[in-house]
Each structure stands twice: as structure tokens, then as C-alpha cells.
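One-letter residues, chain by chain:
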Amino acid sequence: MSPVLQALLATLFTWGLTAVGASVVFTARSVSRKLLDAMLGFAAGVMVAASFWSLLAPAIEMSRAEGGPPWLPAVVGFLAGGAFLWGLDRVLPHLHMGLPLEQSEGLPTKWRRIVLLILAITLHNIPEGLAVGVAFGAVGAGIPSATLSGAIALAIGIGLQNLPEGLAVSMPLRGEGMSRGRAFFYGQLSAIVEPVAGVLGAGAVLLARPLLPYALSFAAGAMIFVVVEQLIPESQRGESTDIATVGAMGGFALMMLLDVALG
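Rules behind the numbers
Residues numbered from 1 in each chain as written. Predicted model: local features only at pLDDT ≥ 70, side-chain atom pairs only at ≥ 80, totals over all residues. Heavy atoms only, no water. Core = buried A, V, L, I, M, F, W, Y, C linked by side-chain atoms within 4.5 Å. Buried < 20%, exposed > 50% of the residue type's maximum accessible area, 1.4 Å probe, protein only. Helix = DSSP H or I, 4+ residues; strand = E, 2+ residues; numbered from the N terminus. Contact = heavy atoms within 4.5 Å. Phe/Tyr/Trp six-rings, centres within 6.5 Å; stacked < 30°, edge-to-face > 60°.

Another point: the nonpolar core. Ranked by internal contacts, the top residues of the largest apolar core, which has 58 residues, are Leu55, Leu154 and Leu212. Elements that contribute at least two residues to this core include exactly helix H1 (3-22), helix H2 (33-65), helix H3 (71-91), helix H4 (113-140), helix H5 (148-175), helix H7 (193-207) and helix H8 (212-235). Per-element tally for this core: the top contributor is H2, with 14 residues. Leu55 has contacts with Ala50, Ala131, Leu154, Leu216, Ala219, Ala220 and Met223, leaving out every residue within four places of it along the chain.

Structure below.
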């Protein structure tokens, strides 16, 4: 199977789990703040672990095997990924959960609050799809340290942390007065960028194999930017900071287990 098709199927899987999380809006009237904080912390832990075990560590090993400075692609790609997300964050209008409309970020706009909330999560999903796509592209490029089981483990980890993300979008939208059907629709729609980013990531790696260590590190930098800029602050905004921290530890441990056991 083509690596691009594999990346598409994997990111459709992660998108599907976002829809599963968003579907909770049909069965629950609300979600406690403690549970939401724990889920956001869990998502942060998964993304931090995936950034190192599935992306940065393989990038360093590839660079070392090719005889170049093992730190160079990791550092350059990591900072470039963070800078890319920072640029999108400054340009794309969006609003983080729990904040008033006056604190929206990006270019000034008259878009509705609900649209800005959805865009905040959509921005978050770009590096996740990119990471999965690059991982499958690495397998297709024949990189010795890249394995299909490792790419699958990454897709499973991203998919698991997408479950609470879908819920974290649909329930607040329901709280904003949106119908259950529309809240579910926009909740799952926030992850539609993942298949697009996954296909682009896999295709770019296959076309430019020497850039693979940089691409892996780029995806890691973008994911860490999202964790530090969005997930951790949102999980620590309430009074359940310890619960959010435990969730982050659990997410990190689960992603590390998946990558080491399967990769």
C-alpha cells in the first residue's frame, strides 16, 4: 500500500476518534470541569511523549546514521515547527476555550465566537496530522529506524488523545447554545485538517528524503508549541490542577508504552 494512502487511512482513523469524542454531546448534558482538565492534561502528555519518542529520537538517529551532526536537523526542524505554528497563531483568528471574546488572538475579525473557538482546535490538529503523515512517509522512504508498527503506534496515540479533544469542542459549543447536532458536526469538523496534513507530510517526505529528519523535528516542534501555548494553560485554568497534571503523566506514559512496545 502506498505510504500516502497509509497516512490518509491513519489520519482518517484519528479524525474518526475525534468524532467519537464529539458524539458524547448526544448522551451527556455537560462534562465536569475536573474531567475536562484531566482529558486536556492527557492530550498534552500524549503529544509531549510522541514528540520525543516518535519524532525527535528517530530524527537524531537518522542524522547520526548519515554521518552528519545528529543535533542539527533536530534543533533546526524543531524551532522551525514552533515558528510555523507561532506564525499561524498570530495570523489565524481564534479563541481559546473559557476566554471572553475580547481575548481572541490572530488578526482582528468580526467572526462569531463559535467560529473562533472551532478555529482554535483546528489550529491544534494541524501538527498532529503532519506528525502521522511524516511517520508513514519515513516508512515508505525505507528509513531503517522507521517501522510500520511505530507509525501505527503514533496514529493510535494521536487518535486516543483526539477522543477528549472532540469532547472538549462539542460540549462547550453546546454550552454556547448550539444544538446537539451542530455541536457534534463542528466538534468532529475541527479535525478535518488531520487527513490533509497527513497526506501532505507523507508526500513531502517521499519527494525529499534528505529532509526527513528535519520534517520529523518540524512536526515535533509544532506539537510542543500547541501543548505549551494551548493545552497546558487550558488544563491549569481551573481549580483541578493536580488532576490535569496526573492526566498529563498518564498520557505521557501511555504514549511511551505504545511507541516502545510497538515501535
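The rest of the description comes next.
Mapped onto the elements of the fold, Leu160 is located in helix H5. Residue Leu160 is classed as partly exposed on the basis of its relative accessible area, which comes to 28%. A sequence separation of 142 residues divides Leu160 from Thr18, and the C-alpha atoms of the two residues are 8.6 Å apart.

If you walk through the whole model with that rule in mind, you get 4 aromatic pairs. Considering the side-chain rings of Phe185 and Tyr186, the 5.2 Å spacing of their centres and the 75° angle between planes classify their relative orientation as edge-to-face. A relative accessible area of 41% means that Phe185 is categorised as partly exposed. Under the relative-accessibility criterion, Tyr186 is labelled partly exposed at 25%.

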